[in-house]
Amino acid sequence: MKTADIIALYGQPGNTSNFMRIKLPYPMRIAWDLGHTVTSILVHKKEAERILAIFSELLETYGLAKLQALGIDIFGGCYNFRKMRGGDDWSVHSWAIAIDLHPDKNRLEWKADLALFAKPEYKPMIHIFEKYGWHSLGKEKNYDYMHFQAVPC
């Protein structure tokens, strides 16, 4: 989706007046410090209900112990006001309409042969994101399997 279309739907990138903090249905470990957790995240208010539904259904589908064992609970970030890596356009993280999960095992450049989220046990997770209109960059582009976003890739 083009930046102009995203702006039309979600406003200017980095405009935190469009964001809200949601309480997660389970704690998520912080990817860069697994000893610490977050219990809420900042998301665009237009996506708050859908992202909450996604994480609630993930918990219902997998259960907390399996979520943790699979690393689905490892939070790599949601809101980050920045340009895309290697580009001049805004990252969708700048609108808080994207989330990264378990980045260490789903690195940006990794394709399906290396990415953890490309394995069969993660198909229900990807289906849940899709059910609520969120897109898996890994599934759609075969790289950056950690990345899920509210707009088409």
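Criteria and thresholds
- Residues numbered from 1 in each chain as written.
- Predicted model: local features only at pLDDT ≥ 70, side-chain atom pairs only at ≥ 80, totals over all residues.
- Heavy atoms only, no water.
- Phe/Tyr/Trp six-rings, centres within 6.5 Å; stacked < 30°, edge-to-face > 60°.
- Buried < 20%, exposed > 50% of the residue type's maximum accessible area, 1.4 Å probe, protein only.
- Lys NZ or Arg CZ within 6 Å of the ring centre and 35° of its normal.
- Pairing = 2+ DSSP bridges.
- Helix = DSSP H or I, 4+ residues; strand = E, 2+ residues; numbered from the N terminus.
- Contact = heavy atoms within 4.5 Å.
- Axes fitted to C-alpha atoms, helices over the stretch in contact; angles between N-to-C directions.
- Polar contact = N/O pair within 3.5 Å; in protein donor to acceptor, adjacent residues only side chain to side chain.
- Arc of directions from axis to C-beta.
- Salt bridge = Lys/Arg side-chain N within 4 Å of Asp/Glu carboxyl O.

A few points about the packing of aromatic side chains
Across all of its chains, the model carries 8 aromatic pairs by this definition. Taking the centre distance of 4.6 Å and the plane angle of 20° together, the rings of phenylalanine 81 and tryptophan 90 count as stacked. Judged by relative accessible area, which is 25%, tryptophan 90 ranks as partly exposed. Counting every residue linked through ring pairs, the aromatic cluster contains Tyr26, Phe55, Phe117, Tyr122, Phe129, Trp134 and Phe148. The cationic tip of lysine 46 hangs over the ring face of tyrosine 10; the distance from NZ or CZ to the ring centre is 6.0 Å. Here the basic side chain of lysine 83 rests over the ring of tryptophan 90, its NZ or CZ set 4.5 Å away from the ring centre.

Some points on the sheet that holds strand S5 (residues 135-136)
Pairing is mixed across the open sheet formed by 6 strands, whose spatial order is S2-S1-S3-S4-S6-S5. At either margin of the open sheet sits one strand with a lone partner, and together these are strand S2 (33-44) and S5. As defined by bridge partners, strand S3 (residues 74-77) adjoins strand S4 (residues 98-101) across 2 bridges and the pair is classed as antiparallel. The residue bridging glycine 77 from the neighbouring strand is aspartate 100, located in S4. In the packing of helix H2 (residues 48-62) onto the sheet, the strands contacted are strand S1 (19-30), S2 and S4, and the crossing angle to S1 comes to about 20°.

Section: the side chain of serine 94
Of note, serine 94 is situated in the loop between S3 and S4. A distance of 2.8 Å separates a polar atom in the side chain of serine 94 from the backbone oxygen of arginine 82. Sequence-distant contacts of serine 94, that is, excluding residues within four places in its chain, are made with Pro13, Gly14, Phe19, Tyr79, Asn80, Phe81 and Arg82.

Quick word on helix H1 (residues 3-10)
The complete set of buried residues in H1 reads Thr3, Ile6 and Tyr10. Angularly, the buried residues of H1 cover 60° about the axis, an arc narrow enough to put them on a single face. Opposite the buried face of H1, by more than 90 degrees, sit the exposed residues Ala4 and Ala8. Contacts made by the buried residues of H1 are with S2 and H2. Count one or two residues on from H1 and you reach glycine 11, which has phi positive near 90°.

Topic: the pairing of S3
Pairing of S1 with S3 involves 2 bridges; the strand directions are parallel. Each bridged residue has a counterpart across the sheet, and for arginine 29 the counterpart in S3 is isoleucine 74.

Focus on the pattern of salt bridges
Should the charged atoms of two oppositely charged side chains come close, the side chains can pair. Under the definition given, this model contains 5 salt bridges. In this structure, the salt-bridge partner of glutamate 47 is arginine 50, at a minimum N-O distance of 2.6 Å. One salt bridge in this structure joins glutamate 57 and lysine 131, with 3.0 Å as the shortest N-O distance. Remark: lysine 131 occurs in helix H4 (residues 123-131) and glutamate 57 occurs in helix H2; sequence separation between them is 74 residues. Taking relative accessible area as the criterion, glutamate 57 reaches 16% and is therefore assigned buried.

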